[in-house]
Amino acid sequence: SKDKTLEICREYAQRFPHIRIHQQERNVGVQGNFRTVLDLARGSYFFWAGVDDQWSPSFASSLVEDLEKHPGTQLAMTSFDRVNEDGTLYDTQRFVEKDSPNGRPHLNVLLGVTSPLKYNLFLYGLFRTEFIRKAARYLPQTPAWDRVFMTMLSLATPIRYVDRVLHQHGLSGLPVNKRYPEEAIFKRRNGKSYWFLFLETFRAMVETTVRSELVPPRRKW
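Residues numbered from 1 in each chain as written. Predicted model: local features only at pLDDT ≥ 70, side-chain atom pairs only at ≥ 80, totals over all residues. Heavy atoms only, no water.

A.B. asks: Where do I start with the environment of D81 in this structure?
C.D. replies: Turning to its location among the elements, D81 is positioned in strand β3 (residues 75-83). D81 sits 18 residues away from L63 along the chain, and the two C-alpha atoms are 17 Å apart. Contacts of D81, omitting those with residues within four sequence positions, involve L89, D91, T92, V165, H167, Q168 and H169. (Helix = DSSP H or I, 4+ residues; strand = E, 2+ residues; numbered from the N terminus. Contact = heavy atoms within 4.5 Å.)

A.B. asks: Is there a simple way to think about unusual backbone geometry in this case?
C.D. replies: Both trends apply: most residues other than glycine have a negative phi, and most peptide bonds are in trans. The phi torsion at E97 lies on the positive side, around 55°, for a residue other than glycine. Using a relative accessible area of 72% as the deciding quantity, one classes E97 as exposed. (Buried < 20%, exposed > 50% of the residue type's maximum accessible area, 1.4 Å probe, protein only.)

A.B. asks: I keep staring at a nonpolar patch on the surface and nothing clicks. Help me out?
C.D. replies: A cluster of nonpolar side chains, W195, F198, L199, F202, V206 and V210, forms an exposed patch at the surface whose accessible area comes to about 640 Å². Its place among the elements puts V210 in helix α9 (residues 194-211). According to the relative accessible area criterion, V210 is partly exposed, its value standing at 49%. (Patch = residues over 30% accessible without salt bridge, like charges linked within 9 Å, V, L, I, M, F, W, Y side chains within 5 Å. Areas by Shrake-Rupley, 256 points an atom, 1.4 Å probe, with all protein chains shown as cover. Salt bridge = Lys/Arg side-chain N within 4 Å of Asp/Glu carboxyl O.)

A.B. asks: Which parts of the structure should I look at to understand the pattern of salt bridges?
C.D. replies: Working definition: two side chains of opposite charge can pair if their charged atoms are close together. Under the defined criterion, the tally for this structure stands at eight salt bridges. Here E65 and K69 are joined by a salt bridge, their closest N and O atoms 3.6 Å apart. Of this pair, E65 and K69 both sit in helix α3 (residues 59-69), four residues apart, which is roughly one turn of the helix. Residue classification places E65 among the partly exposed positions, given a relative accessible area of 46%. Accessibility expressed as a relative area gives 57% for K69, which makes it exposed. D91 serves as the salt-bridge partner of R82, at 2.7 Å between the closest nitrogen and oxygen.

A.B. asks: I tried to follow the pairing of strand β4 (residues 89-93) on my own but got confused; where do I start?
C.D. replies: Each regular strand displays side chains that alternate between the two surfaces of the sheet. Pairing analysis gives four bridges linking β3 to β4, with the strands arranged antiparallel. Each bridged residue has a counterpart across the sheet, and for F80 the counterpart in β4 is Q93. (Pairing = 2+ DSSP bridges.)

A.B. asks: I keep staring at the side chain of T73 and nothing clicks. Help me out?
C.D. replies: Structurally, the position occupied by T73 is in the loop between α3 and β3. Setting aside residues up to four positions removed in sequence, T73 forms contacts with L67, R128, T157, P158, I159 and R160.

A.B. asks: Could you clarify how one ought to interpret the packing of aromatic side chains in this entry?
C.D. replies: Here a ring pair, both rings aromatic, is described through the centre-centre distance and the interplanar angle of the planes. Taken as a whole and assessed by the stated rule, the structure comprises 12 aromatic pairs. Relative to F59, the ring of F47 lies with its centre 5.3 Å away and its plane at 80°, an arrangement referred to as edge-to-face. With F47 in the loop between β1 (45-46) and β2 (54-55) and F59 in helix α3, the pair connects residues that are 12 residues apart, well separated along the chain. Residue class for F47 comes out partly exposed when judged on its relative accessible area of 28%. With a centroid separation of 5.0 Å and 50° between ring planes, the pair formed by F95 and Y119 is classed as tilted. Taken together, the residues F95 in the loop between β4 and α4 (106-113) and Y119 in the loop between α4 and β5 (126-128) connect sequence positions 24 residues apart. The class for F95 is buried, based on a relative accessible area of 0%. Classification of Y119 as buried rests on a relative accessible area of 2%. (Phe/Tyr/Trp six-rings, centres within 6.5 Å; stacked < 30°, edge-to-face > 60°.)

Any functional reading would require information that these geometric values do not contain.
Quick look at the structure:
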């Protein structure tokens, strides 16, 4: 960061001893940073904290409670608001009835992930740490990487959903490739046609799923 992020973090760490700070010596990129914070995690559960996001105080505890009731599930997420930069509500994303992943076959959840539904933001849900450490080996370097990664996750584990708005996802007026133009993942994207990007994303979905040791062979078909 070129602003006072580190200084602000240190001020909070002095007030709250459970906060630990790790400073990167260089810009390691989106996926590199995702992996680093995961490597530093020590608890049984883990979630990635988006830079523009906010959480209800009961976000983590509600998801832990749900995962404890479903020991075979590795990921859970709540419904969430999407909020504009000025603080106004853009929309509320809920996944109910046929859109809910609860108890649904893996193929049905996969179809939801590859649809316009915002299943890609389940990436910011609560994971069992041991599972997501293994899954993070397959973080793809491609446009729409969150969709690609969620495609693999939807076939690797059942996914749980808690129908309470306990998360707030911030929206920017600029697309992510304009906000972070130096990221290698976005340099490859700029200037490419829609169909090139579509085919590259589809290829990455297939490749990531086939490579993953977390997806049983019968689901890869």
